[in-house]
Amino acid sequence: MNHSNDYTLALGPCVDQEFDLVELADGSLEPGRALRLRQHMEHCVRCRNYAAAIGRLDASLATGLPRPQLSPDFDARLQARIAELRRVPDRAAAIAAAEREHAEMLQALRRALNWRAVLNAAALGSVVGGTLVGLESFAPGLLESLGLVRPGSNATATFFITLAAVFAAYGLYFARRPASAPTLLVG
Amino acid sequence: MDAAIEGHLAAGRHARAFDLIVPEFRDRVFRLSYSILKDRASAEDATQETLVRVWKALPGFDGRAALGTWIYAITRNTCLMELRRRRPTVSFDDPDSMEAQHAATNIATGPAGDPEHDNLLRLVAALPANQQQAVRLFYLEDRSYEAVAESLGMPLGTVKNLLFRARKRLMELARPEEVQAA
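Residues numbered from 1 in each chain as written. Chains lettered and ligands numbered in written order. Predicted model: local features only at pLDDT ≥ 70, side-chain atom pairs only at ≥ 80, totals over all residues. Heavy atoms only, no water.

Some thoughts on the overall build of chain A
Alright, step 1. Helices and strands together make up the secondary structure of chain A, namely nine helices and zero strands.
Alright, step 2. Ordered by position from N to C terminus, the α and β elements of chain A give α-α-α-α-α-α-α-α-α.
Alright, step 3. Of all 187 residues assigned to chain A, the portion counted as buried reaches 27%.
Alright, step 4. Sequence separation of 24 or more characterises 63% of the internal contacts of chain A that already satisfy a separation of 6 or more.
Alright, step 5. With the model as given, the accessible surface of chain A reaches about 12200 Å², and the carbon-plus-sulfur share is 63%. (Helix = DSSP H or I, 4+ residues; strand = E, 2+ residues; numbered from the N terminus. Buried < 20%, exposed > 50% of the residue type's maximum accessible area, 1.4 Å probe, protein only. Contact = heavy atoms within 4.5 Å. Areas by Shrake-Rupley, 256 points an atom, 1.4 Å probe, with all protein chains shown as cover.)

Listed below in structure tokens is the structure:
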């Protein structure tokens, strides 16, 4: 590089030609403007030197910048990943299946709980009814005086009335209770 | 090729469409990833990740955007996520930042006897990130402004301006060395 070139390069090209000089080097300048620019460069050493410097830079970048390639096994690895994903069931389908399973579990628990409630009510009704019948035989008139049984009712009627009352109380309690998984699981 | 892909997509044959998408787009996705991440291994990982995302999202592709535009947008997002994951990183976004000035100084006063190739890479590394990306991609895409604009999702004029400023800056950075060498 001679010193006069360095000097003109340091000055830079004509300001209004700078952008076009880069486009000319890229080969993307519109033909009419390219012709006018070439004519201008015949008389302008600054633009001529700048165009030459851009050309050198362009060649350096084209040959000097890395041009990496994908690994030869890229496609195989990608296909393996896709195959792996295909094995995983669709997310929406998985959620639907889990919800179905959850609903079935709740239903089963509810059925089991209903049977348990019936048995508990029967047991509790029997105990309370038995106790009342026992009290009536040991202290006749006591339950009547407390207003717990109707006057003149017998032991069997007392027992069944108590049993029915306990069943009704259980039924009312479970009807008001929200049927959610935690309540079903806790009991 | 695009018509064939679109045909399969319209018919809901996503797997077959994907089989055509991979050979059609993988290299450009890789070059775009490389221009952003500047590292071959990371770019290859990002390419894999992008294509897996494309495979997952293909049934939802509605065709409102061109397929390439959609795929390159996924690529850029994948690379940006990778860059965020790498934090903290040095940013050259602002050419007047301390880091950029430091890099430029290092280049101008770099150790004597460095191969020309290393100098060129160091000059490019001193550019702001968006200019670096445009320059790398421009030469990877065989000097196609249109390909760079499509990959980066930018208007053609913006790409031309970025490349113009990048090369102007490279000339300025290279000049002290040229003068010293003269």
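A closer look at unusual backbone geometry
Alright, step 1. With a phi close to 60°, K38(B) is a non-glycine residue in the positive phi region.
Alright, step 2. With phi around 60°, R143(B) is a residue other than glycine that occupies positive phi space.

Thoughts on the interface of chain A and chain B
Alright, step 1. Each partner contributes to the interface: chain A provides 35 residues, whereas chain B provides 38 residues.
Alright, step 2. In total, about 3800 Å² of surface goes out of reach between chain A and chain B, with carbon and sulfur atoms giving 64% of it.
Alright, step 3. Along the contact surface separating chain A from chain B lie eight salt bridges.
Alright, step 4. Put simply, E49(B) and R81(A) hold a salt bridge, and the shortest N to O gap is 3.1 Å.
Alright, step 5. At the boundary of chain A and chain B, one finds 15 residue pairs in polar contact (both at pLDDT 80 or more).
Alright, step 6. Only α1 (3-11), α2 (18-26), α4 (45-64) and α5 (74-87) of chain A provide two or more residues apiece to the side of chain A that touches chain B. (Buried area = accessible area lost by both parts, 1.4 Å probe. Salt bridge = Lys/Arg side-chain N within 4 Å of Asp/Glu carboxyl O. Polar contact = N/O pair within 3.5 Å; in protein donor to acceptor, adjacent residues only side chain to side chain.)

Section: the nonpolar core
Alright, step 1. L61(A), F18(B), L58(B) and L67(B) are the most contacted members of the largest nonpolar core, which has 71 residues in total.
Alright, step 2. Counting residues per element, this core draws most heavily on helix α2 (residues 14-37) of chain B, which supplies eleven residues.
Alright, step 3. Once residues within four sequence positions are removed from consideration, L58(B) is found in contact with L9(B), H14(B), A17(B), F18(B), I21(B) and W70(B). (Core = buried A, V, L, I, M, F, W, Y, C linked by side-chain atoms within 4.5 Å.)

Considerations on a nonpolar patch on the surface
Residues and elements named next belong to chain A.
Alright, step 1. A surface patch of nonpolar side chains, about 370 Å² in accessible area, is lined by L135, L142, L146 and L148.
Alright, step 2. You can see L135 is positioned in helix α6 (residues 91-138).
Alright, step 3. Residue class for L135 comes out partly exposed when judged on its relative accessible area of 37%. (Patch = residues over 30% accessible without salt bridge, like charges linked within 9 Å, V, L, I, M, F, W, Y side chains within 5 Å.)

Observations concerning the pattern of salt bridges
Between side chains of opposite charge, a pair can form when the charged atoms approach closely.
Alright, step 1. Under the defined criterion, the tally for this structure stands at 19 salt bridges over all chains.
Alright, step 2. R167(B) is the partner of D26(A) in a salt bridge, and the nearest nitrogen-oxygen pair spans 2.7 Å. With D26(A) in helix α2 and R167(B) in helix α9 (residues 156-181), this pair bridges two chains.
Alright, step 3. A salt bridge links R28(B) to E141(B); the shortest N-O distance between them is 3.8 Å. Here R28(B), found in helix α2, pairs with E141(B), found in the loop between α7 (129-140) and α8 (145-152); they are 113 residues apart in sequence, far enough to count as distant.
Alright, step 4. Judged by relative accessible area, R28(B) falls into the buried class, the value being 19%.
Alright, step 5. By sharing partners, the salt bridges in this structure join D73(A), R77(A), R40(B) and E44(B) into a single network.

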